[in-house]
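Given next are the chains, with one letter for each unit.
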Amino acid sequence: MLEIKDLKTNFNTYDGVVKALDGVNLSIKDGEIFGLVGETGSGKSVTAYSVLKLLPKTAEIVAGKIILNGEDITDATEDRLRQIRGGEIGIIFQDPLSALNPVMTVNEQVGEILVLHQDAEINKLAYEKEIPVYKSEKWKSSPGVEFTIMAICISFISLFTMIGQFTFGLPFLFVIGIMFLRDYLQKEVPESALDLMVIEALSRVKLPNPKQIASSYPHELSGGMQQRVMIAMALAGKAKMLIADEPTTALDVTIQAQILQLIKDIQKEENMSVLLITHDLGVVAETCEKVAVMYKGKIVEEASVDQIFTNPQHEYTKALLNAIPKGGKERLKVPEIGEAGAI
Ligand SMILES: Nc1ncnc2c1ncn2[C@@H]1O[C@H](COP(=O)(O)OP(=O)(O)OP(=O)(O)O)[C@@H](O)[C@H]1O
Ligand SMILES: [Mg+2]
C-alpha cells in the first residue's frame, strides 16, 4: 500500500541544515495497523508530513521515494496531492480543534470533503431518493424583504378596496398567496443528499445525535467528539489509509481508549491501513500489529508487536520498553460503556 524508501528530509534553519529524516524505510501493507514509535524529535511527524507534502517551506525532501499503491508520488503535482490528501490518505492530528475550521459547522466541513471526493455518490443518492443534491438556497430571502412586500401588497389591496375597485387589488392578493405557498414549500424541502451523507459519515464514527452534531461548530464539541469528526472526514473521503499522528495524546485516558477502539473498528470494517504515530508503547501494544521504532531520523527496528515486547533487538527499543510505566497497558482497556456514551 505505502512504501517509503530511503527518505531523507532536511530543514534549512539559520543554524544550518537539520537532517530530520536520515534514510527512512517503511512498508505498510493493505489493511494493516502499523505503529511508529519514538521519542520527541525522532522524526515521526516529519515522516508522515513528507508523505503528504504537508511540510513547512523550510523543509526539503532531498532523497528517497514514496510509493502509494505502486504509484511513485515523490514528485506528485499539487493537483494529484490534493486528491491523495483526504481521498486516498486521511490524516488526523493530536489537536483536532486546530485542524478543524472554527467558523464552519461540522456539516459544512464534512460536506466539503464529500463534495470534493464523492460527488458521484451524492448525485446517485439524490437520484435514488428523489431529493435535492444540495440544500436549495434559492427559496431563501431575508424576513425584512418579505415583510416589505407583504406591507406594500396589503396597502394596495386596502386602497383599491376603499375606492371600490377591489378587482385591481386581486394581483396583490395573488402575490401574498404565492408568498405563503413559498413558505409552505420551503418547509417541505427535504434534506439534501449531501446532508444525509454527512449524517451517515458521523454515525459511522458512532457520534451520538449526529444531526445535532452536524449543525455544531467545532468548539462546541468535546475533544473526543472532535477527533471522531476528524475520523469521519477521513472516511468521508473514502481514504484507504489513515495516518494518525498522536491522535489520543491530548485526550484523557477513557476517551483515549474509545478513540483507539474506534480506529481499530473502522480499520476492520473498511479494511483500511493505519499508520499510528505515538510515543506510547502501551498504545502500540493495544492497537497495532506491526511496529517500527524511530530514533534520530532513522528506523532502528521493525517487527511484529509481539516480537518487540518479547524480544527487542535494538538498545533504544529496550530503553523505550523500560520507560513504560508499570500497569501502563491496563489503563488502556476499553471500559464497558454503551457505544459513544461516555464521550
Ligand atoms: N519546523 C522545523 N524547523 C526545523 N527543524 C524541524 C522543524 N520541525 C521538525 N524539525 C526537526 O525534525 C526533527 C523531527 O521532528 P518531528 O516533529 O518529526 O518529531 P516527532 O518524532 O514527531 O516528535 P514528537 O513526538 O514531539 O511529535 C526534530 O528533531 C527537529 O530537529
Ligand atoms: Mg510529532
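Residues numbered from 1 in each chain as written. Chains lettered and ligands numbered in written order. Predicted model: local features only at pLDDT ≥ 70, side-chain atom pairs only at ≥ 80, totals over all residues.

1. Things to note about the overall build of the protein
The number of helices and strands found in the protein is 14 helices and ten strands. Classification of the 343 residues of the protein by burial places 34% in the buried group. (Helix = DSSP H or I, 4+ residues; strand = E, 2+ residues; numbered from the N terminus. Buried ≥ 20, exposed ≤ 12 C-beta atoms within 10 Å, placed from the backbone.)

2. Focus on the sheet that holds strand β2 (residues 16-28)
Taken together, the four strands give an open sheet; going across it, the order is β2-β1-β4-β5, and neighbouring strands pair in antiparallel fashion. Bordering the open sheet on either side are β2 and β5 (71-72), each of which pairs with just one other strand. Note that strand β1 (residues 2-13) and strand β4 (residues 59-68) share eight bridges and pair antiparallel. Looking across to β4, one finds that Lys 5 is bridged to Lys 65. (Pairing = 2+ DSSP bridges.)

3. Some words on the site of ligand 1
If you check the shell around ligand 1, you find 15 residues, and the closest are Ala 20, Thr 40, Gly 41, Ser 45 and Val 46. Only β1, β2 and α1 (44-52) provide two or more residues apiece to the shell around ligand 1. Element by element, the count of residues in the shell around ligand 1 is highest for α1, at three residues. Looking at the shell around ligand 1 residue by residue, the class counts come to five nonpolar, nine polar and one charged. (Near = placed C-beta within 6 Å. Nonpolar A, V, L, I, M, F, W, Y, C, P; charged D, E, K, R; others polar.)

4. Description of helix α4 (residues 106-117)
Owing to its 3.6 residues per turn, the α-helix aligns residues three or four sequence positions apart on the same side. Here α4 is twelve residues long and its end C-alpha atoms lie 17 Å apart, about the 16 Å a rise of 1.5 Å per residue gives. Taken residue by residue, α4 has Val 106, Asn 107, Gln 109, Val 110, Gly 111, Ile 113 and Leu 114 as its buried positions. In the core, the buried residues of α4 are packed alongside α2 (78-87), α5 (119-129), α8 (193-204), α9 (210-214) and α10 (223-236). (Expected span 1.5 Å × (residues − 1). Contact = placed C-beta atoms within 7 Å.)

5. Regarding unusual backbone geometry
For Lys 206, which is not a glycine, the phi torsion comes out positive at approximately 60°. Of note, Lys 206 is situated in the loop between α8 and α9.

6. Overview of the environment of Leu 321
One can find Leu 321 in helix α14 (residues 315-322). In this structure Leu 321 comes out as partly exposed when scored by C-beta crowding, with 13 C-beta atoms within 10 Å. C-alpha separation for the pair Leu 321 and Asp 280, spaced 41 residues apart in sequence, amounts to 9.6 Å. Dropping the residues within four chain positions of it, Leu 321 is found in contact with Leu 281 and Pro 312.

7. A word on the nonpolar core
With 76 residues, the main nonpolar core has Val 110, Leu 202, Ile 231, Ala 232, Leu 242, Val 274 and Leu 275 as its most contacted residues. Element by element, the count of residues in this core is highest for α10, at nine residues. In contact with Leu 242, other than residues within four places in its own chain, are Gly 90, Ile 92, Ala 234, Met 272 and Val 274. (Core = buried A, V, L, I, M, F, W, Y, C linked by C-beta atoms within 7 Å.)

8. Here's the deal with the pairing of strand β8 (residues 273-278)
Here is the key point about a regular strand: its side chains alternate between the two faces of the sheet. Among the six residues that make up β8, six are buried, leaving the element largely enclosed by the rest of the structure. Covered by surrounding structure in β8 are Ser 273, Leu 275 and Ile 277 together with Val 274, Leu 276 and Thr 278, the residues of both alternating faces. In this sheet, β8 lies alongside strand β3 (residues 33-37) in parallel orientation, the contact comprising five bridges. Bridge pairing in β8 links Ile 33 to Val 274. This β-α-β element, strand β7 (residues 241-245) to helix α11 (residues 253-270) to β8, shows right-handed connectivity. (Right-handed = clockwise from strand over helix to strand, strands pointing away.)

9. Some thoughts on the pairing of strand β6 (residues 89-92)
Side-chain alternation along β6 places Ile 89 and Ile 91 on one buried face and Gly 90 and Ile 92 on a second face that is also buried. Pairing geometry for β6 and β7, over four bridges, is parallel. Bridging from a neighbouring strand, Ile 91 pairs with Ile 243 of β7.

10. Description of the packing of α8 against α10
Contact geometry for α8 and α10: axes closest at 8 Å, N-to-C directions at 120°. The orientation of α8 with respect to α10, classified from their angle, is oblique. In this structure, the crossing between α8 and α10 has a hand that is right-handed. Where α8 approaches α10, its residues Ala 201, Leu 202 and Arg 204 are matched on the opposing element by Ala 232, Leu 235 and Ala 236. (Axes fitted to C-alpha atoms, helices over the stretch in contact; angles between N-to-C directions. Parallel < 35°, antiparallel > 145°, perpendicular 65-115°, else oblique. Left-handed = near helix turned anticlockwise from the far one by under 90°.)

11. A closer look at the packing of α10 against α11
Look at α10 against α11: their axes get within 10 Å of each other, and the N-to-C directions meet at 15°. In terms of orientation, α10 and α11 fall into the roughly parallel class. Crossing hand, α10 versus α11: right-handed. Here Gly 223, Gly 224, Gln 227, Arg 228, Ile 231 and Leu 235 of α10 come into contact with α11, specifically with Ile 255, Gln 258, Ile 259, Leu 262 and Ile 266. Here the residues of the contact of α10 with α11 sort into six nonpolar, four polar and one charged.

12. Some details on the environment of Asp 72
Structurally, Asp 72 is set in strand β5. When the C-alpha positions of Asp 72 and Leu 2 are compared, they lie 10.0 Å apart, and in sequence the two are 70 residues distant. The residues contacting Asp 72, other than those within four sequence positions of it, are Lys 65 and Ile 67.

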